[in-house]
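Residues per chain, in single letters:
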Amino acid sequence: LSLQQREHAKDALRRLIQIADHTGQHGELKAHLVTLRRVSGRRLPSEIAYIYAKSLLRRNQAKQALEVLDEMPKNSLDSVKATYMTGVALVVQTKYKQAIEKFDQAAKSSLHWQKQPKISAENRRHLHRIWELSQMNRGRVFYEIGDLGRSVDAYQNISRSSPLFE
């Protein structure tokens, strides 16, 4: 397929995942993903992998979501989202220690990428949001395991001007 055709296929599959999530009808989705993997060189494009992993998590399929997230490229902007979402999947599996490690890693990577000079303002905002969500989830997990001091510390990292602060 040409580059334009591959981009069109990605856009179509992104929309199919959204429709399947909305309707609850995921039956045909797997076949389309297999086709996209074949034309993309065996790996799902990272933006498709990410939204598909989110879809799997919405359906309580954390193990499958982790497999998809693990395929995403490392050391990129997309890897920050994948690392954060991996932490979410680990929370679903009640693997709290591993989840905390992933949220720490996502927060650290987010800060690293925010400092890069060629990052757009929109990406900086998105990375900051991932950092905040990582802090929120760290606070939640620490609370779940009974470590209230570290929970409070994590929550206090969120600025009072953040939309997440309540």
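Summary of the structure given here. Here the structure is a predicted model, which means the values were calculated and not measured.

Quick notes on the overall build of the protein
Per the secondary structure count, the protein includes 8 helices and 0 strands. Along its sequence from the N terminus, the protein presents helices and strands in the succession α-α-α-α-α-α-α-α. On C-alpha atoms alone, the protein measures out to a radius of gyration of 17 Å, which is about the 15 Å that the 2.2 N^0.38 rule sets for 166 residues. When its C-alpha atoms are laid out on the principal axes, the protein stretches across 55 × 35 × 25 Å. Residues classed as buried in the protein amount to 38% of the 166 residues present. For the protein, long-range pairs separated by at least 24 residues make up 50% of all intrachain contacts whose partners lie at least 6 apart in sequence. When the accessible area of the protein is evaluated, it comes to approximately 10,200 Å², of which 50% is carbon and sulfur surface. Taking the 28 positively charged and 17 negatively charged side chains of the protein as two groups, their mean positions are separated by 3 Å.

As for helix α5 (residues 77-92)
With 16 residues, α5 should cover 22 Å at 1.5 Å per step; its first-to-last C-alpha distance of 24 Å lies within 8% of that length. Within α5, 12 of the 16 residues are buried, leaving the element largely enclosed by the surrounding structure. Those residues of α5 that fall on the buried side of the exposure criterion are Ser79, Val80, Lys81, Ala82, Thr83, Tyr84, Met85, Thr86, Gly87, Ala89, Leu90 and Val91. Looking at the buried positions of α5, the neighbouring elements they touch are α3 (46-58), α4 (62-70), α6 (96-114) and α7 (121-144). Looking one or two residues past α5, Thr94 carries a phi angle of roughly 55°, positive in sign.

Some remarks on the environment of Gln98
Following the sequence through the fold, Gln98 ends up in helix α6. Linking Gln98 and Gln5, residues 93 residues apart in sequence, is a C-alpha distance of 39 Å.

Focus: α6
The first and last C-alpha atoms of α6 sit 27 Å apart over 19 residues, in line with the 27 Å expected at 1.5 Å per residue. Restricting attention to buried positions, one finds in α6 the residues Ala99, Ile100, Phe103, Ala106, Ala107, Ser110 and Gln114. Here the buried residues of α6 occupy an arc of 125° about the axis, which is enough to place them on one side. What points out from α6, more than 90 degrees from its buried face, is the exposed set Lys97 and Lys108. In this structure, the buried residues of α6 make contact with α5 and α7.

Observations concerning the environment of Arg42
Checked against the element boundaries, Arg42 lands in the loop between α2 (29-39) and α3. Linking Arg42 and Ala20, residues 22 residues apart in sequence, is a C-alpha distance of 23 Å.

Conventions used here
- Residues numbered from 1 in each chain as written.
- Predicted model: local features only at pLDDT ≥ 70, side-chain atom pairs only at ≥ 80, totals over all residues.
- Heavy atoms only, no water.
- Helix = DSSP H or I, 4+ residues; strand = E, 2+ residues; numbered from the N terminus.
- Rg over C-alpha atoms; globule rule 2.2 N^0.38 Å.
- Buried < 20%, exposed > 50% of the residue type's maximum accessible area, 1.4 Å probe, protein only.
- Contact = heavy atoms within 4.5 Å.
- Areas by Shrake-Rupley, 256 points an atom, 1.4 Å probe, with all protein chains shown as cover.
- Lys, Arg positive; Asp, Glu negative; His and termini not counted.
- Charge placed at Lys NZ, Arg CZ, Asp CG, Glu CD.
- Expected span 1.5 Å × (residues − 1).
- Arc of directions from axis to C-beta.

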